[in-house]
Amino acid sequence: KNQVEQSPQSLIILEGKNCTLQCNYTVSPFSNLRWYKQDTGRGPVSLTIMTFSENTKSNGRYTATLDADTKQSSLHITASQLSDSASYICVVRKAAGNKLTFGGGTRVLVKP
Amino acid sequence: KAGVTQTPRYLIKTRGQQVTLSCSPISGHRSVSWYQQTPGQGLQFLFEYFSETQRNKGNFPGRFSGRQFSNSRSEMNVSTLELGDSALYLCASSPGGGGTTYEQYFGPGTRLTVT
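What you are looking at is a predicted structure, and each value in this text was computed from that prediction instead of being measured.

## Side note on the overall build of chain A
Alright, step 1. Each helix and strand in chain A was counted, giving zero helices and 11 strands.
Alright, step 2. For chain A, the N- to C-terminal ordering of α and β elements is β-β-β-β-β-β-β-β-β-β-β.
Alright, step 3. Computed over C-alpha atoms, the radius of gyration of chain A comes to 13 Å, within 12% of the 13 Å expected from 2.2 N^0.38 for 112 residues, which places it in the range of a compact globule.
Alright, step 4. When its C-alpha atoms are laid out on the principal axes, chain A stretches across 45 × 25 × 20 Å.
Alright, step 5. The buried share of chain A, taken over its 112 residues, is 46%.
Alright, step 6. Within chain A, contacts between residues at least 6 apart in sequence are counted, and of these 56% link residues at least 24 apart.
Alright, step 7. Here chain A has roughly 5400 Å² of accessible surface; of this, 48% comes from carbon and sulfur atoms.
Alright, step 8. With 13 positive and 7 negative side-chain charges, chain A shows a spacing of 7 Å between the two charge centroids.

Below is the structure:
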C-alpha cells in the first residue's frame, strides 16, 4: 500500500533553534516529493519539490533532503522564527497514474 | 495575479442536505484539484480536473462529485451530507498539462460543518 509517514506528529522548539522533520514513504514508482507549510486556517504553500535525482534543495531557512534509495526525506528548519509555527506536510506523487499521497503532517510550535 | 479563491469560506449544513462549493483557479491555470482535510485523516485527494475532464479520482464515495467549466472554474458537490463530511475543503490550481512537477497553489479553503 502506498503510504507516507511523518514524524514527529508535533514538536515544540525555542525561537532561534533548529529542527528536523522526517518523512518516510513507500509510494512506488516515485515521481516527486513536495514539502508544504500550512498556517492555521490557510491553504498549504509549497516549500520545495524534489525529483528522483535531487538530494538537497533549499528555500531560505528551509532545507529538504531526499534519499530515494531508502525512501526518506527530511525538512530542516534553521534558526526558527515564530512565523515557522505551522503544520508541515510531505506529499509524494506516484509516477504511474500521477496520484498524490499525503503524510499526516508535523505540527511545529515555535516559542519565544 | 490573483490567487485561488474559494466560496463560500464557511458553511453550516444539516445531515441529509447537499452542498456545492466553488473554486476559481489562478488565471491561466487549467488544472483544479480538490482535497478534504480533517484532523483525523489529514489531507485526502478527492479529484482533479483538467480542461473540463476529470483526470484523477481519489477514494471517496459517489456522493462527492465535481465538474469544471470552460473558464477552468470548478465546483464540488456533496449530496446527502453526513456528520463525517465536516472538514476543510481545499482547492488547488496548477498550470496542468502533462508535467508532474507543476506547483499547486492552494486556496484558503471552505470550512464545512455538518450538524
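There's more to say after this.
## Comments concerning the interface of chain B and chain A
Alright, step 1. Counting residues at the interface gives 16 residues for chain B, matched by 19 residues for chain A.
Alright, step 2. Taken over both partners, the interface formed by chain B and chain A buries close to 1500 Å², and the fraction arising from carbon and sulfur atoms is 50%.
Alright, step 3. Where chain B meets chain A, there are one residue pair in polar contact (both at pLDDT 80 or more).
Alright, step 4. If you list the elements that add at least two residues to the side of chain B that touches chain A, you get strand 4 (31-38), strand 6 (53-57) and strand 9 (87-94) of chain B.
Alright, step 5. Within the side of chain B that touches chain A, the residues separate by chemical class into seven nonpolar, six polar and three charged.

## A look at the layout of surface pockets
Alright, step 1. In this structure, the largest pocket encloses a volume near 1400 Å³.
Alright, step 2. Along the walls of the largest pocket sit 41 residues, with F102 and G103 of chain A together with Q41, G42 and L43 of chain B positioned nearest its centre.
Alright, step 3. Here the lining of the largest pocket gets four residues from one element, more than from any other, and that element is strand 5 (residues 42-50) of chain B.
Alright, step 4. A class-by-class count of the residues in the lining of the largest pocket yields 10 nonpolar, 22 polar and nine charged.

## Comments concerning the state of the cysteines
By definition, a disulfide is the covalent link that joins the sulfur atoms of two cysteine residues.
Residue and element names in this part refer to chain A.
Alright, step 1. As enumerated under the stated definition, the model contains two disulfides over all chains in all.
Alright, step 2. Bridging C23 to C90, the disulfide has an S-S length of 2.0 Å. Classification of the bridge connecting C23 and C90 rests on its S-S torsion, roughly -65°, and on that basis the disulfide is left-handed. You can see C23 sitting in strand 3 (residues 19-25) and its partner C90 sitting in strand 9 (residues 86-94), a full 67 residues away along the chain. With respect to class, C23 is no different from C90; both count as buried.

## Points about the sheet that holds strand 7 (residues 62-67) of chain A
Residues and elements named next belong to chain A.
Alright, step 1. Reading across the sheet, the five strands line up as 1-3-8-7-6 and stay open at both edges, with antiparallel pairing between neighbours. Both edges of this open sheet fall to strand 1 (4-7) and strand 6 (56-59), since each of them pairs with a single strand only. With direction set aside, neighbouring strand axes in the sheet form an average angle of 15°.
Alright, step 2. Inspection of the sheet shows strand 7 paired to strand 8 (residues 72-77) by six bridges, in the antiparallel sense. Bridging across to strand 8, A64 finds its partner in L75.

## So, the confidence of the model for chain B
Alright, step 1. Predicted confidence across chain B gives a mean pLDDT of 91, with 94% of residues reaching 70 or more.
Alright, step 2. Per-element mean pLDDT across chain B ranges from 88 in strand 6 of chain B up to 98 in strand 3 (residues 19-24) of chain B.

About the cut-offs
- Residues numbered from 1 in each chain as written.
- Chains lettered and ligands numbered in written order.
- Predicted model: local features only at pLDDT ≥ 70, side-chain atom pairs only at ≥ 80, totals over all residues.
- Heavy atoms only, no water.
- Helix = DSSP H or I, 4+ residues; strand = E, 2+ residues; numbered from the N terminus.
- Rg over C-alpha atoms; globule rule 2.2 N^0.38 Å.
- Buried < 20%, exposed > 50% of the residue type's maximum accessible area, 1.4 Å probe, protein only.
- Contact = heavy atoms within 4.5 Å.
- Areas by Shrake-Rupley, 256 points an atom, 1.4 Å probe, with all protein chains shown as cover.
- Lys, Arg positive; Asp, Glu negative; His and termini not counted.
- Charge placed at Lys NZ, Arg CZ, Asp CG, Glu CD.
- Buried area = accessible area lost by both parts, 1.4 Å probe.
- Polar contact = N/O pair within 3.5 Å; in protein donor to acceptor, adjacent residues only side chain to side chain.
- Nonpolar A, V, L, I, M, F, W, Y, C, P; charged D, E, K, R; others polar.
- 1 Å grid on protein atoms, 1.4 Å probe; cavity = no way out; pocket = protein on both sides within 12 Å on 5 of 7 lines; lining within 4 Å.
- Points joined across faces, edges and corners; volume = space filled by probe spheres on them.
- Disulfide = S-S within 2.5 Å.
- Pairing = 2+ DSSP bridges.
- Axes fitted to C-alpha atoms, helices over the stretch in contact; angles between N-to-C directions.
- pLDDT = per-residue confidence, 0-100.

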